[in-house]
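Residue-level structural notes
What follows is the residue order along each chain.
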Amino acid sequence: MPELPEVETIRRQLAPHLEGRVVQRLEILDPRFCAPLAPEALVDAAQGRCIERLGRRGKYFVLELADEVFLLIHLRMTGTLLLDPEPDIPYQRVLLTLDDGHVLRFCDPRRFGTGELVVGHEALEAFFAPRLGLEPLGPELTGARLRALAKGRRAPVKAFLLDQRHIAGVGNIYADEALFRARIHPLRPAGKLTLGQYEALAEAVRYALNRGLDAGGATIDDFRHPDGVSGAFQHEFQIHLRRGEPCLECGTPVVKMVAAGRGTYVCESCQPRPRLRRRP
């Protein structure tokens, strides 16, 4: 699933082409994209309006249209936004034609990607408030904030990182990379970390995301830039997908396990497994 660096990479590449342009035509080829909203309602709200800004919140693209109309797009598992690809490219679900003739096509083999219509800034905040937490690239991500969010939580820290209500945009790849950099085992209870560990984790999350951004995101299966080019961060993984390979820090073989229901990669020498508490 595309995570924050992948979504932000796409946003940065598309913004110069979309901002200031008018949505000349919007075609919803798959009604599931915006269900339960009728495709006609989304078309009526967006067509003919100027795209004032292309923003991002967590893993959501935020197309800010004139008169406080917002189109929110989430790529989910396999969605891609492609600018001017071949007209017969497969798995097309949405076509957005701009007033300068460029065409943005949303393609999605598994059809999990979604579109939401929100009207008004207050409604936008109300939509995101229960869904998304801290923006990890901003100054609000600190060890102290993480400690406050995790207080009393027994769930593994990997699950804590993947919960978008805590930190917006972090997924499986960057959680693994951040936990390895912070030397924290993914099964350690989130509420049991020290302040120093929270501070190391905050720094590690920011570092991993920025490294992913610098590399244009990671392409493992479906992720592509708007021009069809793949990301390169998969060539820089320190721990993710490296099962059985020697740890780059200590040489211990990398282990794959399941944490928070996701395939998780860990060096149990650099990231010591939490001790089991003995029952009296």
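Structure: see above.
Attention in this report is confined to the structure presented alongside it. Small disclaimer: the values here were computed from a predicted structure and weren't measured.

A separate point is the side chain of Thr 114. As for its position among the elements, Thr 114 is in strand 8 (residues 114-119). With a relative accessible area of 17%, Thr 114 lands in the buried category. Here Thr 114 is in contact with Phe 33, Leu 72, Ile 73, His 74 and Arg 76, once residues within four sequence places are set aside.

The next thing to look at is the packing of helix 6 (residues 172-182) against helix 7 (residues 195-214). Contact geometry for helix 6 and helix 7: axes closest at 8 Å, N-to-C directions at 130 degrees. Considered as vectors, helix 6 and helix 7 are oriented oblique to each other. Our pair here, helix 6 against helix 7, has a crossing hand that is right-handed. Two secondary-structure elements touch here, helix 6 through Tyr 174, Glu 177, Ala 178, Leu 179, Arg 181 and Ala 182 and helix 7 through Ala 200, Leu 201, Glu 203, Ala 204, Val 205, Tyr 207, Ala 208, Leu 209, Arg 211 and Gly 212. Taken together, the residues of the contact of helix 6 with helix 7 break down into 11 nonpolar, 1 polar and 4 charged.

Let us now look at the pattern of salt bridges. Taken as a whole and assessed by the stated rule, the structure comprises 19 salt bridges. Residue Arg 49 pairs with Asp 67 through a salt bridge whose shortest N-O separation is 2.7 Å. With Arg 49 in the loop between helix 2 (39-46) and strand 2 (51-57) and Asp 67 in the loop between strand 3 (60-65) and strand 4 (69-74), this pair connects stretches of sequence that are 18 residues apart. A salt bridge links Arg 242 to Glu 245; the shortest N-O distance between them is 3.1 Å.

This part is about the packing of helix 1 (residues 4-18) against helix 7. Contact geometry of helix 1 with helix 7 gives a least axis separation of 8 Å together with a crossing angle of 40 degrees. Taken together, the axes of helix 1 and helix 7 lie oblique to each other. Helix 7 is crossed by helix 1, and the crossing has right-handed handedness. In this structure, helix 1 uses Leu 4, Pro 5, Glu 8, Thr 9 and Arg 12 to contact helix 7, whose residues at the interface are Leu 209, Gly 212 and Leu 213. Of the residues contributing to the contact of helix 1 with helix 7, the split by class is 4 nonpolar, 2 polar and 2 charged.

Within the secondary structure, Arg 76 is located in the loop between strand 4 and strand 5 (80-83). Expressed as a C-alpha distance, the spacing of Arg 76 and Asp 108, which sit 32 residues apart in the sequence, is 9.0 Å. Within the structure, Arg 76 has its side chain in polar contact with the side chain of Thr 114 (distance 3.5 Å).

What counts, and at which threshold
- Residues numbered from 1 in each chain as written.
- Predicted model: local features only at pLDDT ≥ 70, side-chain atom pairs only at ≥ 80, totals over all residues.
- Heavy atoms only, no water.
- Helix = DSSP H or I, 4+ residues; strand = E, 2+ residues; numbered from the N terminus.
- Buried < 20%, exposed > 50% of the residue type's maximum accessible area, 1.4 Å probe, protein only.
- Contact = heavy atoms within 4.5 Å.
- Axes fitted to C-alpha atoms, helices over the stretch in contact; angles between N-to-C directions.
- Parallel < 35°, antiparallel > 145°, perpendicular 65-115°, else oblique.
- Left-handed = near helix turned anticlockwise from the far one by under 90°.
- Nonpolar A, V, L, I, M, F, W, Y, C, P; charged D, E, K, R; others polar.
- Salt bridge = Lys/Arg side-chain N within 4 Å of Asp/Glu carboxyl O.
- Polar contact = N/O pair within 3.5 Å; in protein donor to acceptor, adjacent residues only side chain to side chain.

Structural measurements only, silent on function.
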